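Examining the three-dimensional arrangement
Okay, here's what each chain looks like letter by letter:
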Amino acid sequence: MHIVIMGCGRVGSGLALQLARLDHTLAVIDQDPLAFRRLGDDFPGRTVKGIGFDRDTLIEAGVDQAGAFAAVSSGDNSNIIAARVARETFGVQKVVARIYDQRRAEVYERLGIPTVATVPWTTGRLLKTLLGEATAQVWRDPSGGVVLLAIDPHDGWIGRSVADFERATGSRVAVLTRFGVGQLPPPNALIQSGDMLHALAPDEHAEQVTRLAASAPEGGHQ
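Now for a description of the structure that goes with this document. (Residues numbered from 1 in each chain as written. Predicted model: local features only at pLDDT ≥ 70, side-chain atom pairs only at ≥ 80, totals over all residues. Heavy atoms only, no water.)

Moving on, we get to the packing of aromatic side chains. Taken as a whole and assessed by the stated rule, the structure comprises one aromatic pair. Considering the side-chain rings of tryptophan 157 and phenylalanine 165, the 5.0 Å spacing of their centres and the 70° angle between planes classify their relative orientation as edge-to-face. When its relative accessible area of 2% is taken as the criterion, tryptophan 157 is described as buried. (Phe/Tyr/Trp six-rings, centres within 6.5 Å; stacked < 30°, edge-to-face > 60°. Buried < 20%, exposed > 50% of the residue type's maximum accessible area, 1.4 Å probe, protein only.)

Structure (structure tokens):
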């Protein structure tokens, strides 16, 4: 899939480098050509200097061929304008905008533009939105032995406790995010619709956690 990213700051460059490892074709837009240094000399994608919501800039980046578009610049207004142009003018199916002012997020969601906040797991959330994956790896410890997974659990987990989830998957839930607010969940906290879990797991069990989280637990509804 071809993916266009507007903004080559910390989040944009991190997202681009992760997507490059997944063999997607990429174009990154930024007004500052020095920002592209964050991508390194071996970045396989295209870099485009320009304004991210400018039609000619977007066409140069290949937005008319894109399956996904991420607007992650430092400006909320620029991000939402670019996201709307990508969707409404060029028909890009998967579009997401990074939003700093969460008071605006509800308005943008009504316009059909998914948003992500400025949280430590922004890149993981963007990957999930763009690629449609239920679980994304968002951190790995320096030794490579432990990974942090961003998990959108199967609806079958609704009403089950965090402790149930941990026992079934062999993971440790570090953060539960509900309505955009993260919390340290007690073991008896019940998973609700729309909850996002960030769970720690041994690297060798990551695929198992992903598989179990994406399906209903034993005795749960399908």
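Alright, that's what it looks like, and here's the rest.
This part covers the pattern of salt bridges. All chains considered together, the criterion is met by five salt bridges. Among the ionic pairs, aspartate 203 bridges to arginine 140, the shortest N-O distance being 2.8 Å. Residue aspartate 203 is found in the loop between strand E11 (196-202) and helix H7 (206-213), and its partner arginine 140 is found in strand E7 (residues 135-140); the two are separated by 63 residues along the sequence. Judged by its relative accessible area of 30%, aspartate 203 falls in the partly exposed class. (Salt bridge = Lys/Arg side-chain N within 4 Å of Asp/Glu carboxyl O. Helix = DSSP H or I, 4+ residues; strand = E, 2+ residues; numbered from the N terminus.)

Time to look at the pairing of strand E5 (residues 94-98). For E5, the buried fraction is high: four of the five residues fall into the buried class. Relative to E5, strand E4 (residues 68-71) runs parallel, the two being bridged by four bridges. When the sheet's bridge partners are listed, alanine 71 is paired in E5 with alanine 97. Of the pairings in the sheet, the one linking E5 to strand E6 (residues 115-116) comprises two bridges and is parallel in character. Paired with arginine 98 across the bridge in E6 is valine 116. (Pairing = 2+ DSSP bridges.)

Bringing the pairing of strand E1 (residues 2-6) into the picture now. Here E1 lies mainly inside the structure; five of its five residues are buried. Neither face of E1 is open: one carries His2, Val4 and Met6, the other Ile3 and Ile5, and all of them are buried. Bridge analysis of E1 against strand E2 (residues 25-30) gives five bridges, and the strand direction is parallel. Considered in E2, the bridge of isoleucine 3 is made with leucine 26. Taken together, E1, helix H1 (residues 10-21) and E2 form a β-α-β motif whose crossover is right-handed. (Right-handed = clockwise from strand over helix to strand, strands pointing away.)

A few words on the sheet that holds E5. Here six strands make up an open sheet; going across it, the order is E3-E2-E1-E4-E5-E6 and the pairing parallel. The sheet is open, and its two edges are formed by strand E3 (46-49) and E6, each paired on a single side. Each of E1, E2, E4 and E5 touches H1; the most contacted strand, E1, lies at about 165° to it. Together, E1, E4 and E5 form the strand contacts of helix H3 (residues 76-89), whose direction differs from that of E5 by roughly 175°. (Contact = heavy atoms within 4.5 Å. Axes fitted to C-alpha atoms, helices over the stretch in contact; angles between N-to-C directions.)

Locating isoleucine 99 in the fold gives a position in the loop between E5 and helix H4 (102-110). Each C-alpha atom, one on isoleucine 99 and one on glycine 75, is 7.9 Å from the other, the two residues being 24 residues apart in sequence.

So, about the environment of glycine 9. As for its position among the elements, glycine 9 is in the loop between E1 and H1. Taking the C-alpha atoms as reference points, glycine 9 and phenylalanine 36, separated by 27 residues in sequence, lie 8.5 Å from one another. If sequence neighbours within four positions are ignored, glycine 9 has contacts with Gly14, Asp30 and Arg38.

Take H7 next. If you check which residues of H7 are buried, you get Ala206, Val209 and Ala213. Taken around the axis of H7, the buried residues stretch over an arc of 60°, which confines them to a single face. Away from its buried face by more than 90 degrees, H7 exposes Glu207 and Arg211. The inward-facing, buried residues of H7 abut strand E8 (146-151), helix H6 (162-169) and E11. (Arc of directions from axis to C-beta.)

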